[in-house]
Amino acid sequence: MDLNLILVSLVIIIALGFDYTNGFHDAANAIATSVSTRALTPRAALLMAAIMNVIGALMGTEVAKTIGKGIIDISHYTSSTDLMMQREGLVIVLSALVGAVVWNLITWWFGLPSSSSHALIGGLVGAGLASATEVHWSGIVEHVIIPMFASPFIGFFFGYILMWIMMRLLTRLPYHRTMRRFRVLQTLSAAAMALGHGLQDAQKTMGVIVMALVAGGYGHTHNVFDPVTGDMTIPLWVKLAAAGAISLGTYSGGWRIMRTLGRKIIDLDPARGFVAEGVSALVLYLSAFVFHAPISTTHTITSAILGVGATKRFSAVRWGVAGNIVGGWFLTLPAAALVAAIMFFIVNFLVTLA
């Protein structure tokens with residue numbers, strides 16, 4: 001059997017596996033606040049999030065293109081007719097995915113809401129460096145590093161400001177009746193957050209699958225290039241597969257991380273949950289549609305929760321837990337990169353023996 005076809009198939013399977021881990025790892029991003037405030041039951045929240053993830057995944061492709069072309073340059077592998085060159089390109093993508101999956105599983109086990117997006121990007125960088133492939137550092141700074149620092153600050157700032165304004169507007173209203181109304185509104189804000197998660201995170205897997213198709217010599221077979229402009233396009237089957245995998249993962253739930261986001265950082269009420277989800281969803285939409293940046297849904301919602309929580313009083317936020325989470329954020333890129341680099345050397349050695 002053609003080794004290229006085996007490698008492409010393996011990459012697609014692992015990519016969808018990564019998408020699945022992304023779903024259960026990041027399910028908490030969309031629904032932890034709604035579940036913790038009892039706006040939604042856990043299963044109802046997971047089902048709603050899974051459906052919205054599918055819809056979000058089909059709404060755009062710009063983030064997928066950024067992942068597919070803007071992190072590392074494998075064009076010399078994809079344009080080569082040499083089978084060994086094509087296989088090395090596939091090994092790079094495969095190693096990047098393994099690095100991302102391993103880090104996802106580690107952080108899930110410890111209940112840390114780290115970024116699946118940054119795990120994937122770190123995996124691509126690590127495999128790229130190990131293979132002496134050109135890394136688009138300017139693109140990484142523009143689309144990854146700057147958003148990595150900017151989105152948490154934006155989430156915290158707007159979460160704090162909007163919640164402070166909300167508190168002033170609602171100060172004379174009866175508390176319990178108002179909170180009941182916010183529980184209803186949280187259904188909408190959680191749905192908006194889940195839509196943004198699908199829009200951002202499922203697209204990243206689409207970009208990786210397209211990279212594998214091109215590297216393996218199947219790009220034109222699956223029409224991944226626009227016949228007029230030559231730009232990368234995402235085949236419908238890739239969109240549906242990525243959307244389905246992330247939704248299945250979401251529905252399976254990520255209870256460890258959900259407990260961290262929903263209960264361990266701060267005790268949320270429905271009003272604060274609504275504001276945190278609304279701010280996070282808005283940031284995700286702007287990043288996807290305006291800046292085409294693959295930002296972290298985890299960073300955005302966590303910082304927004306910290307922002308709305310700080311309006312109670314700063315001591316109400318469990319800053320020790322928040323510090324552990326932020327530490328995990330900084331470890332994600334280098335840790336996933338290291339695993340991917342090790343995997344590249346191992347898999348590439350095995351492929352050269354085949």
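How each quantity is defined
- Residues numbered from 1 in each chain as written.
- Predicted model: local features only at pLDDT ≥ 70, side-chain atom pairs only at ≥ 80, totals over all residues.
- Heavy atoms only, no water.
- Helix = DSSP H or I, 4+ residues; strand = E, 2+ residues; numbered from the N terminus.
- Buried < 20%, exposed > 50% of the residue type's maximum accessible area, 1.4 Å probe, protein only.
- Contact = heavy atoms within 4.5 Å.
- Areas by Shrake-Rupley, 256 points an atom, 1.4 Å probe, with all protein chains shown as cover.
- UniProt positions renumbered as here; feature names shortened; annotations may be inferred.
- Axes fitted to C-alpha atoms, helices over the stretch in contact; angles between N-to-C directions.
- Parallel < 35°, antiparallel > 145°, perpendicular 65-115°, else oblique.
- Left-handed = near helix turned anticlockwise from the far one by under 90°.
- Nonpolar A, V, L, I, M, F, W, Y, C, P; charged D, E, K, R; others polar.
- 1 Å grid on protein atoms, 1.4 Å probe; cavity = no way out; pocket = protein on both sides within 12 Å on 5 of 7 lines; lining within 4 Å.
- Points joined across faces, edges and corners; volume = space filled by probe spheres on them.
- Expected span 1.5 Å × (residues − 1).
- Core = buried A, V, L, I, M, F, W, Y, C linked by side-chain atoms within 4.5 Å.
- Patch = residues over 30% accessible without salt bridge, like charges linked within 9 Å, V, L, I, M, F, W, Y side chains within 5 Å.
- Salt bridge = Lys/Arg side-chain N within 4 Å of Asp/Glu carboxyl O.
- Phe/Tyr/Trp six-rings, centres within 6.5 Å; stacked < 30°, edge-to-face > 60°.

Some details on the overall build of the protein
Part 1 of the argument: The helix and strand tally for the protein stands at 13 helices and two strands.
Part 2 of the argument: Classification of the 354 residues of the protein by burial places 59% in the buried group.
Part 3 of the argument: Within the protein, counting contacts between residues at least 6 apart in sequence, those at least 24 apart form 87% of the total.
Part 4 of the argument: Summed over all atoms, the accessible surface of the protein reaches about 14,400 Å², with 70% contributed by carbon and sulfur.

Description of the UniProt feature "transmembrane region" (unreviewed entry) in the protein
Part 1 of the argument: The feature "transmembrane region" (unreviewed entry), as given by UniProt, occupies residues 44-68, 89-110, 144-170, 182-199, 234-253, 274-295 and 329-351 in the numbering adopted here.
Part 2 of the argument: Across residues 144-170, the secondary structure splits into 100% helix and 0% strand, with the terminal C-alpha atoms separated by 38 Å.
Part 3 of the argument: Secondary structure across residues 329-351 comprises 100% helix and 0% strand; the distance between its end C-alpha atoms is 33 Å.

Some points on the packing of helix 6 (residues 116-130) against helix 7 (residues 137-170)
Part 1 of the argument: At a closest axis distance of 12 Å, the pairing of helix 6 and helix 7 adopts a crossing angle of 155°. Judged by the inter-axis angle, helix 6 sits roughly antiparallel to helix 7. Handedness of the helix 6/helix 7 crossing: left-handed. Here His 118, Ile 121, Val 125 and Leu 129 of helix 6 come into contact with helix 7, specifically with Trp 137, Ile 140, Val 144 and Met 148.
Part 2 of the argument: Partitioned by chemical class, the residues of the contact of helix 6 with helix 7 number seven nonpolar, one polar and no charged.

Some points on the layout of surface pockets
Part 1 of the argument: What the largest pocket holds in volume is close to 400 Å³.
Part 2 of the argument: At the level of elements, helix 7 and helix 11 (270-291) are the ones that each hand at least two residues to the lining of the largest pocket.
Part 3 of the argument: The element best represented in the lining of the largest pocket is helix 7, accounting for 10 residues.
Part 4 of the argument: Grouping the amino acids of the lining of the largest pocket by side-chain chemistry returns 16 nonpolar, four polar and one charged.
Part 5 of the argument: Counted as a void, the second largest pocket has a volume near 250 Å³.
Part 6 of the argument: Residue lining of the second largest pocket: 12 residues in total, with Phe 149, Pro 152, Phe 153, Val 326 and Trp 329 positioned closest to the centre.
Part 7 of the argument: Mapped by element, the contributors of at least two residues to the lining of the second largest pocket are helix 7, helix 12 (297-310) and helix 13 (319-353).

So, helix 11
Along an α-helix, residues three or four positions apart point the same way, because every turn accommodates 3.6 residues.
Part 1 of the argument: Taking 1.5 Å of rise per residue, the 22 residues of helix 11 would be expected to cover 32 Å, and the 30 Å separating its terminal C-alpha atoms lies within 8% of that figure.
Part 2 of the argument: Backbone geometry just downstream of helix 11 places His 292 in the positive-phi region, at approximately 55°.

Let's talk about the nonpolar core
Part 1 of the argument: Ranked by size, the top nonpolar core spans 61 residues in total, and within it Ile 71, Ile 72, Val 93, Leu 97, Met 206 and Leu 213 carry the most contacts.
Part 2 of the argument: Contributions of two or more residues to this core are made by helix 1 (3-36), helix 3 (62-70), helix 5 (83-109), helix 6, helix 7, helix 8 (175-215), helix 9 (236-252) and helix 13.
Part 3 of the argument: Counting 18 residues, the second largest nonpolar core, distinct from the first, contains Met 193, Ala 276, Ala 293 and Val 308.

Describing a nonpolar patch on the surface
Part 1 of the argument: There is a patch of nonpolar side chains on the surface, built from Leu 47, Ile 51, Ile 55, Met 59, Tyr 251, Leu 282, Leu 286, Phe 289, Val 290 and Phe 291 and spanning about 960 Å² of accessible area.
Part 2 of the argument: Broken down by secondary-structure element, the contributors of at least two residues to the nonpolar patch are helix 2 (42-57) and helix 11.
Part 3 of the argument: Summarising the element assignment, Phe 291 is placed in helix 11.
Part 4 of the argument: Note on Phe 291: relative accessible area 57%, which makes it exposed.

Details of the environment of Ile 209
Part 1 of the argument: On the secondary structure map, Ile 209 appears in helix 8.
Part 2 of the argument: Owing to a relative accessible area of 0%, Ile 209 belongs among the buried residues under this scheme.
Part 3 of the argument: Through-space distance from the C-alpha of Ile 209 to that of Ile 14 is 9.6 Å; in sequence the pair is 195 residues apart.
Part 4 of the argument: Ignoring any residue separated from it by four or fewer positions in sequence, one finds Ile 209 in contact with Ile 12, Ala 15, Leu 16, Trp 237 and Val 238.

Quick word on the packing of aromatic side chains
Part 1 of the argument: In this structure the tally under the stated criterion is five aromatic pairs.
Part 2 of the argument: On the numbers, 6.5 Å between centres and 10° between planes, the contact of Phe 156 with Tyr 160 is stacked. One end of the pair is Phe 156 and the other is Tyr 160, both in helix 7 and four residues apart, which spans about a single turn.
Part 3 of the argument: Centroid distance Phe 157 to Phe 158: 5.2 Å. Interplanar angle 85°. Geometry classified as edge-to-face.
Part 4 of the argument: Using a relative accessible area of 39% as the deciding quantity, one classes Phe 158 as partly exposed.

Notes on the environment of Leu 83
Part 1 of the argument: With respect to the helices and strands, Leu 83 occurs in helix 5.
Part 2 of the argument: Linking Leu 83 and Gly 217, residues 134 residues apart in sequence, is a C-alpha distance of 9.1 Å.

Here's the deal with unusual backbone geometry
Part 1 of the argument: The phi torsion at Ala 132 lies on the positive side, around 60°, for a residue other than glycine.
Part 2 of the argument: Counting through the fold element by element, Ala 132 comes out in the loop between helix 6 and strand 2 (134-135).
Part 3 of the argument: You can call Ala 132 exposed: its relative accessible area is 70%.

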